[in-house]
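# Coordinate analysis (summary)
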Amino acid sequence: MEILAGLFHGFAVALEPANLFWCFVGVLLGTVVGILPGLGPPATIAMLLPLTFNMNPAGAIIMLAGIYYGAKYGGSTTSILMNVPGESASVVTCLDGYQMAKKGRAGPALGIAAIASFVAGTVGVLGLMLVAPPIAKFALSFSSPEYFALMSLGLALVVLLAGRSIVKALLAALVGLWIASVGTDLFSSTSRFTFGQMELLSGIDFVVVAIGVFALAEVMVNMEAREETQLLPVPKGLKNLLPTMQDLKDCRFAFLNGSVIGFLVGALPGGGSTIASFLSYGLEKAVSPRREQFGTGVIEGVAAPEGANNSETGGALVPLLTLGIPGSGTTAILLAALVLWGFKPGPLFIPEHPALFWGLVASMYIGNVMLLILNLPLVPLFAQVLRMPVYVLYPLILGVSMVGVYSVSGSLFDLLLLLVFGLLGYLMRKLDYPSAPLILGLALGAGMERALRQSLMMSEGKLSILVARPISAVMLSFAVLVLLIPMFGKLNAWRLRALEQD
Amino acid sequence: MKSASSLIALVALLCAPLSFAQGFKPTRTVDLVVHTGPGGGSDVLARAIAIMVEKEKLLPVRLQVINKPGGNGAVAAAHLAEKRGDQNTLGLFTGVWLQTPLVSAEAKVTLRDLTPIARLVLEPAVIAVKADSPYKTLAEFIGAARKNPGQLKQSGGSNTSRDNVVRQLLQKSTGTRWAFISFPGGGERIAALLGGHVDIMVIEPEEAGEHIRAGNMRVLAQVSERRLAKFPEIPTLKEAGFDVPVVPQVRGVVAPPGIPKENVEFWQDFFRRLTRTQSWRKYIEDNQFEDGYQNAADLAKFYEEFTDRMREILKDAGVKTVR
Amino acid sequence: MEDATRKSGDLWSGVALAALGLYIIIQAGQWEYLGPEGPGAGFFPLWYGVAILALSVLLVVSHLKRGSARGDATDWNKLGRALSTWLALAVSVALFKPLGFVISFALLTYCIVAVMYRRPLATAALTAVASAAGFYLVFDRALGVPLPVGVLGF
C-alpha cells in the first residue's frame, strides 16, 4: 500500500511537463552517447552537471538517470552493425549481434536489443521499487570470497565460449588475465608489466582491447578478399527488419535471465554491467537446447546480455539510494551530483526525500517506454548503414573505432594500444584462437585477483575461506560444474574413439 | 608638499602588490588539467571551481577542465611538464600526484618539476566502526588488536593511501598489528565495513555523515589537528591518546615549469581570492573539507616536508620507494 | 589448406605463448609472492604464468605428436592485404600528431578506396572528403567530442 501511494506520488512528479521534458532529453542524449563508442554516460553526466545547478533537482536527477539507462539502449547499435562495442556493457552483444547482422538479420538484432532492454530495464525498476532494502542487505553480505566465486563462475564460462579447442580458449583467457594485471598493483603499488610506460601505470582500458580485438580484426579479415562481394544483405520491408513472433518466443528465457542476473549483479558494489552481461550470456548458452549455435548469430545471445545491462541500472541504484554506496563509475557521479545539489544520499535518503525517489522511479518507467518508442523506429534507419558499399563501410568502422578509443582518454597512446590489439585479434583469428575468452579474462581478471588476495588476507592465508561461506561455496561448485560438463563430453568422445580403434 | 608625496608613496606602497599582480592577466581560456576522467573527485572539484569563477566573475576568461587520466596522476603531471612556459595551463593536484612518483619509477614528474601555485584544501578523515561494533573507543580497538595480532581487519585503498598511512603510524606507535585490505572503490570499502567483513576504516567525514546519522556507523576518532565542526564530541587522535603525526590529504594547484614570476603571483593571489568567496566557503563546508590555503612558497616547503615524511612512512610499511 | 595453416600455426603460437608464460613467471618471480600483509604482487601472475606455460607446451606437444601437416599453405596474398590495411591505419595514427584526425582519416579512406579496392580516383576522393567531413561535423562540431588536432588546428 505504501508502495502504491509512493508510486502514485512519483507519477505525479514525473508527469509534470517540465520533468517529462527532462526525462525525454535525458533518454535522447543517453541513446546518442550510447551509440557513439567510447563516449559514455559518466563523461556525459559530468559535462552536463554544471547545467543542472539551475534546474529543479527532481528534473535534474530524472534527466541524468535518463542518460544513464538510455546509453544502455544505444550501446548495442555499433556492436551489432560494426562489431565495435559502444560501451563495455555491450561487448558481449558483439558475439551474436554482429553475426546476426552478417546473416542479414541486423534489424531483428537491433529490435530485440531494444525490446530486451525495455523488458529488463522495467523489471530492474520494479526491483528497485519493491525489493531494494532486502537486496541491499544481500549485497552487503557479499564479500571478497563471494566475489571471487562469482568471478570464477564467470571465468568458467570460458569453456562455453571455446571454439574447436578448449586448450586454445583457456590460453586466450589466461592472456586476458595477464593483460588485466598490467599496471600498478593496488595492494603493493608494484608496477607490473608496464614496460617503463607511465601510461600503463593505470592499466589498459577494457574497451580499447575489445574494439581492437573485435572491430579492427574483423575489418582486417574482411579486407583480405579482393573482391568486394559481400555487401551485407539487408532485407527490404519493415516486416523483415523487426523481430518475429518466433524470435520473441526464443527470447522468453533470455528476458527473464537478463532481468534477474542484471539486477542482482548490478546491486553488488563490486559488480557492474560488464560482468552481468557476460554471466547472463553464459547462463543463456548453458541452458539453451541450441547451445552450439551461440556465436553464430542466435537472437537469445543478444537479448540476454542487452537485458542484463539494462536491468543492471535498477540494481545499481539500490546500493546508491538505500546505502549511499556507489557501485560503478556512473553511480559514483550520480552520487556526486546529489551531493552537489545539497542532498545526502544514504540510508535516510528515501524516507527523507520520498518525492525525489518515487519521482525517479516513476520517470524510469516512463523513460523506458520513451526509449522503446524512440529506438524501434531507428532500427530500419540504422540497418541502412549496412547498405553502404564495403569500401565506404570499412573506413567508417575504422574511424568510429579510433574516435571511440580517443574519446575515452584523449590519448594517442590508447590509439597505439588499439593498433596492437587489432593486430593481436587478427592473428588470433588466423590461428583459430577464440577472442571472446580473451575479453572475458580481461573483464574478470583484475576483480578476480583482487578478490582472491583480499580473501586470503581476511583468512590469514587459509584457502578454506573460499568454501566455508555458503554463497561462495555454492557459486564455486557451479563453476566446477560448468567446467566439467564439456570435459565429460570430451572424455566421452575420446572413449568412443579409443573403442573404435580397438 | 611633503605630506602629499608621502601620501603618494603610501598609495604606491599599498598598490604595489596589486600592480605586481597586474603584470600578468590571462588572455584566453585557461586549461585546468585534472588526472581523473569526468566524474572523478578532482574533476568534480575542478568543474565546481570553474562554475564559481564564472559566478563570482573572478577572471576575465573562462576556466576549462581538461581530463588527462591514466598513470595514477603521472599522465597529467607529465602533460604539465611538457607544457613548459605555457601561460594558459594549470593543474589541479591531489595527494596521488605526490605519492605515485615515490613508488612508481615510470612516473618521473614530481611537484618539484612543476611550478607550485597554491594549496587549496585539506581533507580531514575520521576512524569509524560499524554501529554494533564492540569497540567504543580507539583504545579499545587497539587493545583488541594487541590481544589478537593480525586478526582484526581494516578496509581501505591502496597501500600508499592515507588509510594505510594512518594504520602504519598507529601500529608503530602502539606496537600492534592488524590486517589492511585494499579495495579499489570507496563504495566497496564502506560495504565491507557495513557488511561486517572488516572491523574498522578510515573514512572522509562527508562519506561517513549519513551512515552515522542513520545509526549504521560510529566514529571513534578524527584524523585532524583540531576537532571538526560536525564532530564536536569526537576526540582527535592526539586527544584519544595516540600522538601520531597527522598526514594531511591535500588538493592544490600547480602550473607548468618555466613560467614567469608574475604569473605565479597572479595565480596564487587569484586562488586566495577564490578561497575567500561565499561559494567556496559553502563548497568546502558541504564537503567537510578544511580550508588549507597556502601560497606558492609555502606549498613548495609543504611538498618537501610531506615527501620526506611520506617516504619514511612507506619505508616503515615495507613499501619499496624509488625516489 | 586452412587447416594446414592452422596446424603449423598451433606450433608457432604455442612456442610464442610458452615464451610469454616463461616471461611472466620470471617477472612474477621478482615480485613478492607471499608477504607479511598477505599474497603479494607476484602471487596471481605466477599461477597464470605457469598455466600459460603448461597449456602452451600441451598445445605444442599434441601438435608434434599429430605430426605436422607439411606444406605451409598460408595465403600470403590475403595476409598481405590485411596487414597493409593495418599498416595504413598505423600510418594514419602516426599522422594524427602533425596533420590531425580529419586529414589523416581522409588520407586513410582515400588509400583504402583507391588502392585496396581499386575504385576510380574520383570516387575515392569523394568518399574520403565526405567521410572525413562527416566525422568532423558529427563528433567535433555537433557532439563536442574532441578529435586529435594537428599543427593546422583541426
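Each value, and the rule that gives it
Residues numbered from 1 in each chain as written. Chains lettered and ligands numbered in written order. Predicted model: local features only at pLDDT ≥ 70, side-chain atom pairs only at ≥ 80, totals over all residues. Heavy atoms only, no water. Helix = DSSP H or I, 4+ residues; strand = E, 2+ residues; numbered from the N terminus. Rg over C-alpha atoms; globule rule 2.2 N^0.38 Å. Buried < 20%, exposed > 50% of the residue type's maximum accessible area, 1.4 Å probe, protein only. Contact = heavy atoms within 4.5 Å. Areas by Shrake-Rupley, 256 points an atom, 1.4 Å probe, with all protein chains shown as cover. Lys, Arg positive; Asp, Glu negative; His and termini not counted. Charge placed at Lys NZ, Arg CZ, Asp CG, Glu CD. Pairing = 2+ DSSP bridges. Axes fitted to C-alpha atoms, helices over the stretch in contact; angles between N-to-C directions. Buried area = accessible area lost by both parts, 1.4 Å probe. Salt bridge = Lys/Arg side-chain N within 4 Å of Asp/Glu carboxyl O. Polar contact = N/O pair within 3.5 Å; in protein donor to acceptor, adjacent residues only side chain to side chain. Nonpolar A, V, L, I, M, F, W, Y, C, P; charged D, E, K, R; others polar. Domains from an automatic or database assignment. pLDDT = per-residue confidence, 0-100. Right-handed = clockwise from strand over helix to strand, strands pointing away. Parallel < 35°, antiparallel > 145°, perpendicular 65-115°, else oblique. Left-handed = near helix turned anticlockwise from the far one by under 90°.

## Observations regarding the overall build of chain C
Helix and strand content of chain C: five helices and two strands. When the elements of chain C are put in sequence order from the N terminus, they spell out α-β-β-α-α-α-α. Its C-alpha radius of gyration of 24 Å places chain C more than 25% over the 15 Å reference for a compact globule of 154 residues. Counting all 154 residues of chain C, 45% fall into the buried class. When contacts within chain C are restricted to residue pairs at least 6 apart in sequence, those whose partners lie at least 24 apart make up 58%. Carbon and sulfur atoms make up 71% of the accessible area of chain C, which amounts to about 7,900 Å² in all. Here chain C holds 11 positive side-chain charges and 8 negative ones, and the gap between their average locations is 12 Å.

## Some details on the sheet that holds strand β10 (residues 249–255) of chain B
All names here are of chain B. Spatially, the six strands line up as an open sheet ordered β2-β1-β3-β10-β4-β11, and their pairing is mixed. Because the sheet does not close on itself, it has two edges, and the strands there are β2 (63–67) and β11 (290–294). On average, each strand axis in the sheet is tilted by 20 degrees relative to the strand beside it, whichever way the strands run. Both strand β3 (residues 89–94) and β10 contribute to a ladder of four bridges, which runs antiparallel. Bridge pairing in β10 places G91 opposite V254.

## Details of the interface of chain A and chain C
Contacts between the two partners involve 58 residues from chain A, matched on the other side by 60 residues from chain C. Regarding the contact of chain A and chain C, the summed buried area is about 5,400 Å², with carbon and sulfur atoms giving 78% of it. Taken together, chain A and chain C are joined by one salt bridge. When the shortest N-O distance is used, the salt bridge between D10 of chain C and K168 of chain A registers 2.4 Å. Linking chain A with chain C are nine residue pairs in polar contact (both at pLDDT 80 or more), by the criterion used here. When contributions to the side of chain A that touches chain C are tallied by element, the ones reaching two or more residues are α10 (166–180), β2 (191–192), α11 (206–223), α20 (390–409), α21 (412–430) and α22 (436–458) of chain A. In terms of residue count, the dominant contributor to the side of chain A that touches chain C is α20 of chain A (13 residues). Looking at the side of chain A that touches chain C, its residues break down into 39 nonpolar, eight polar and eleven charged.

## Focus: the domain arrangement of chain C
Partitioning chain C into domains gives domain 1 (2–66) and domain 2 (76–142). Here domain 1 of chain C and domain 2 of chain C have C-alpha centroids that lie 38 Å from each other.

## Overview of the confidence of the model for chain B
Residue and element names in this part refer to chain B. Predicted confidence across chain B gives a mean pLDDT of 88, with 93% of residues reaching 70 or more. The secondary structure element of chain B with the lowest average pLDDT is helix α1 (residues 2–21), at 45, and the one with the highest is helix α5 (residues 138–147), at 96. Low pLDDT (under 50) marks residues 1–21, which in the prediction has four contacts with non-local residues, meaning those over four places away or in another chain.

## Some words on the interface of chain A and chain B
Opposite the 47 residues of chain A that make contact, chain B presents 52 residues. When the area that chain A buries against chain B is broken down by residue, the three leading residues are M198, K344 and M458 of chain A, summing to 15%. Our count for the chain A to chain B interface comes out at one salt bridge. For E352 of chain A, the salt bridge is made with R213 of chain B, and the minimal N-O distance between the two is 2.8 Å. Across the contact surface, chain A and chain B share 14 residue pairs in polar contact (both at pLDDT 80 or more). If you list the elements that add at least two residues to the side of chain A that touches chain B, you get α3 (41–48), α7 (106–141), α16 (329–340) and α22 of chain A. Of the residues assigned to the side of chain A that touches chain B, the class counts are 25 nonpolar, 16 polar and six charged.

## Thoughts on the pairing of strand β6 (residues 153–156) of chain B
Residue and element names in this part refer to chain B. Alternating positions in β6 separate into two faces, K153 and S155 on one and Q154 and G156 on the other, with burial throughout. In this region the chain leaves β6, passes through helix α6 (residues 162–174) and returns to the parallel neighbour strand β7 (residues 179–182); the handedness of that crossover is right-handed. The pairing of β6 with strand β8 (residues 200–203) spans two bridges and is classified as parallel. Paired with S155 across the bridge in β8 is M201.

## Observations concerning the sheet that holds β8 of chain B
All names here are of chain B. Read across the open sheet, the five strands follow the order β7-β6-β8-β5-β9; overall the sheet is mixed. Of all the strands in the sheet, the pair left with one neighbour each is β7 and β9 (217–223). Averaged over neighbouring strand pairs, the angle between their axes works out to 30 degrees when direction is ignored. Where α5 meets the sheet, its contacts fall on β5 (125–130), β8 and β9, and the angle it forms with β9 comes to roughly 95 degrees.

## A word on the packing of α6 of chain B against helix α11 (residues 296–316) of chain B
For any two helices packed against each other, the geometry is given by the interaxial angle and the distance between the axes. Residues and elements named next belong to chain B. Their axes nearest at 10 Å, the elements α6 and α11 cross at an angle of 65 degrees. Classed by the angle they form, the pair α6 and α11 counts as roughly perpendicular. As α6 packs across α11, the resulting crossing turns out to be left-handed. Counting all contacts with α6, which are made through V165, Q168, L169 and K172, the residues of α11 involved are M310, I313 and D316.

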